[in-house]
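Residues per chain, in single letters:
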Amino acid sequence: MKIGLCGFPASGKSTVFNALSAQGVPTGIPTPPQGDRHVAAVPVPDLRLVKLRDIYQPKKFTLSQVEFTDFPGIPLEETKGKGELMADVRAMDALVLVLRGFESDLVAEEIDPVGELASLKAEFLLADMAMIEKRIERLEASTKKPTKTQDRDKKELAVLLRCQAQVESEQSLSEMKLDSTEEEMTRGFRFLTQKPLVAVLNIEDDAARPDLVAKIGAEVAVVELMNAKIEEEISQLDEEERTAFLADFGIEEPARGRILRAIYEASGLHSFFTVGEDEVRAWAIHQQDHAVTAASKIHSDIARGFIRAEVVGYEDFMTAGDMKTVKANGQARLEGKEYTVRDGDIINFRFSV
Ligand SMILES: Nc1nc2c(ncn2[C@@H]2O[C@H](COP(=O)(O)OP(=O)(O)O)[C@@H](O)[C@H]2O)c(=O)[nH]1
Ligand SMILES: [Mg+2]
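Residues numbered from 1 in each chain as written. Chains lettered and ligands numbered in written order. Predicted model: local features only at pLDDT ≥ 70, side-chain atom pairs only at ≥ 80, totals over all residues.

Remarks on the overall build of the protein
Let me state the cut-off plainly: Helix and strand assignments come from DSSP, with helices taken as H or I runs of at least 4 residues and strands as E runs of at least 2, each series counted from the N terminus. Think of it as a crowd count around each C-beta: if 20 or more other C-beta atoms lie within 10 Å the residue is buried, if 12 or fewer it is exposed, and in between it is partly exposed, with C-beta placed from the backbone throughout.
Counting its regular elements, the protein contains 14 helices and 12 strands. Dimensions of the protein, computed from C-alpha atoms along their principal axes, come out at roughly 65 × 65 × 35 Å. Burial status across the protein gives 33% buried among its 353 residues.

A few points about the site of ligand 1
What counts, and what does not: Defining nearness, a residue is near a molecule or strand when the C-beta atom obtained from its backbone falls within 6 Å of it. Polarity classes work like this: nonpolar for Ala, Val, Leu, Ile, Met, Phe, Trp, Tyr, Cys and Pro, charged for Asp, Glu, Lys and Arg, and polar for all others, with Gly in that last group.
Around ligand 1 sit 19 residues, and of these G12, K13, S14, T27 and G28 come closest. Contributing elements (two or more residues each) for the shell around ligand 1: α1 (13-21) and α8 (228-234). The element best represented in the shell around ligand 1 is α1, accounting for three residues. Grouping the amino acids of the shell around ligand 1 by side-chain chemistry returns five nonpolar, 11 polar and three charged.

Considering the pairing of strand β7 (residues 221-226)
The test is simple: Here a strand pair is declared whenever DSSP counts at least two bridges between the two strands. By convention a crossover is right-handed if, when the strands point away from the viewer, the path from the first strand over the helix to the second runs clockwise.
By the bridge criterion, six bridges tie strand β6 (residues 197-203) to β7 in an arrangement that is parallel. Residue pairing for β7: V198 is matched across the bridge by A221. Note that the unit made of β6, helix α7 (residues 210-217) and β7 has a crossover that is right-handed.

Describing the nonpolar core
When a protein is soluble and globular, its nonpolar side chains tend to lie buried together. As a reminder of what qualifies: The term nonpolar core refers to a set of buried Ala, Val, Leu, Ile, Met, Phe, Trp, Tyr and Cys residues connected through C-beta atoms within 7 Å. C-beta atoms are first placed from the backbone for all residues, and any pair lying within 7 Å is then listed as a contact.
If you look at the biggest cluster of nonpolar residues, it comprises 77 residues, and the most contacted ones within it are V96, L97, A199, V200 and I259. The greatest single-element share of this core, amounting to eight residues, is contributed by helix α4 (residues 113-142). Filtering out sequence-adjacent residues up to four positions away, V200 remains in contact with V16, V96, V98, L99, V223, L225 and I259.

Some words on the sheet that holds β7
Within a sheet, neighbouring strands are paired by backbone hydrogen bonds and run either parallel or antiparallel to one another. What counts here: Angular values range over 0 to 180 degrees, each being the angle between N-to-C directions of two axes fitted as lines to C-alpha atoms, with helices fitted over their stretch in contact.
Ordered in space as β2-β4-β1-β5-β6-β7, the six strands form an open sheet in which the pairing is mixed. The open sheet has two edge strands with one neighbour each: β2 (38-43) and β7. In this sheet, adjacent strand axes meet at a mean angle of 25 degrees when their direction is disregarded. Running over the sheet, helix α10 (residues 255-267) touches β1 (2-6), β2, β4 (65-70), β5 (94-101), β6 and β7 and is turned about 175 degrees from β7.

Brief notes about the domain arrangement of the protein
What counts is decided by this rule: Each domain's extent is set by a domain assignment, obtained either automatically or from a database.
Domain parsing of the protein yields domain 1 (2-45 + 63-107 + 196-266), domain 2 (120-193) and domain 3 (288-351). The C-alpha-based centres of domain 2 and domain 3 are spaced at 39 Å.

Some thoughts on the pairing of β1
The side chains of a regular strand alternate between the sheet's two faces. Of all five residues that make up β1, four are buried, and the element is covered over most of its length. Where β1 and β5 come together, four bridges link them in parallel fashion. Following the sheet pairing, C6 is matched in β5 by L97.

Focus on the packing of α1 against α10
Put simply, the rule is: Each angle receives one of four descriptions, namely roughly parallel if under 35 degrees, roughly antiparallel if over 145, roughly perpendicular if within 65 to 115, and oblique otherwise.
In the contact formed by α1 and α10, the axes pass within 8 Å of each other and the chain directions differ by 100 degrees. Considering the angle they form, α1 stands roughly perpendicular to α10. Contacts from V16, A19 and L20 in α1 reach A255, R256 and I259 in α10. Residues belonging to the contact of α1 with α10 are distributed by class as follows: five nonpolar, no polar and one charged.

Quick notes on the packing of helix α5 (residues 150-168) against helix α6 (residues 180-187)
Where α5 contacts α6, the two axes come as close as 10 Å, and the packing angle between them is 80 degrees. The angle between the axes of α5 and α6 places the two elements in the roughly perpendicular class. When α5 is examined against α6, the residues K155, E156, V159 and C163 are found in contact with a partner set consisting of E182, M185 and T186. Looking at side-chain class alone, the contact of α5 with α6 contains three nonpolar, one polar and three charged residues.

Some points on α1
Counting buried residues along α1, nine of its nine residues qualify, which places the element largely inside the surrounding structure. Among the residues making up α1, those that are buried are K13, S14, T15, V16, F17, N18, A19, L20 and S21. Positive phi appears at A22, one or two residues downstream of α1, with a value of about 55 degrees.

Describing unusual backbone geometry
Phi angles above zero are rare outside glycine, and R190 is one such case at about 55 degrees. Turning to its location among the elements, R190 is positioned in the loop between α6 and β6. One non-glycine residue, N227, adopts positive backbone phi at about 60 degrees. With respect to the helices and strands, N227 occurs in the loop between β7 and α8. For N227, a count of 20 C-beta atoms within 10 Å translates into the label buried.

Have a look at this one:
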């Protein structure tokens, strides 16, 4: 899963990126739209998996991973490289909008994270609008001539005209009801206003802003960071130092876990686990995914040769303490392909190929 850090210049994107990845990329430096994008694979913390590791003592322990990209700031005006920047952002599966809630000498504007969110959303609407218009023009020309794809093109034109009306009324495409064919027809555009969003509000320490959090939270999921610079420092510490540092600053949970949880929620994702002496591992899937889709995440052969999923709920497992007891308690279920996987399910797939 690819997640983009977006926002206006000097909102703290690279600082948040460092807090997430411990990469230590330069901060406080203006980056032009065509400037470097920083990329990092980041493990998704999950305490439940740590507890399973402690029980199984496996050879390998694998958390889910996501990939974060730290983008240059989005310029308000039409400048060189902006089109390319928006195209790169379009390749992401979800976006973290980093909003500035701290005083900065690097920018002329007053603190206005609510305004920043509105402006970013407006930028996304404009970019989608431009894309839709271009495609509509083409389709209007092509559907006049009898071609092999005429029927499909007409359908696509119809759905794009609806999309156009939606963005022109300043509504995100994610709020539009699309049937499965329409969904499939629009998926390839990777529209910005269809992406799951999480806002990160970067503020000074000791000055929580519940008022701003409430305003932003009315529109998108929001994570408030008490000084992202401190979070950046935390990411550089080892486990022991970190615990002490967190306590000193009264931080209950570091930024990475909070941000990733919000992203999972906004994206409709959750986790299932596989356990054993070889490996204890977490897998991300969509909340409505069935057992056979879960199987396909591990290997296409397991999905193809799917017989049954042996499922134990995480809580049941922890209460029982081990697999043998869970089974003796009758809490291991045999489920079919269509079973909707629940968050925290421990699954053993039976399959034959
Ligand atoms: N006071 C304060 N400064 C911050 C915070 N986050 C970032 N900064 C500083 O703001 C400046 C711009 O941050 P940077 O991450 O480079 O912003 P970017 O342009 O969005 O990547 C840097 O000097 C950071 O150290 C914060 O939460 N509080
Ligand atoms: Mg930066």
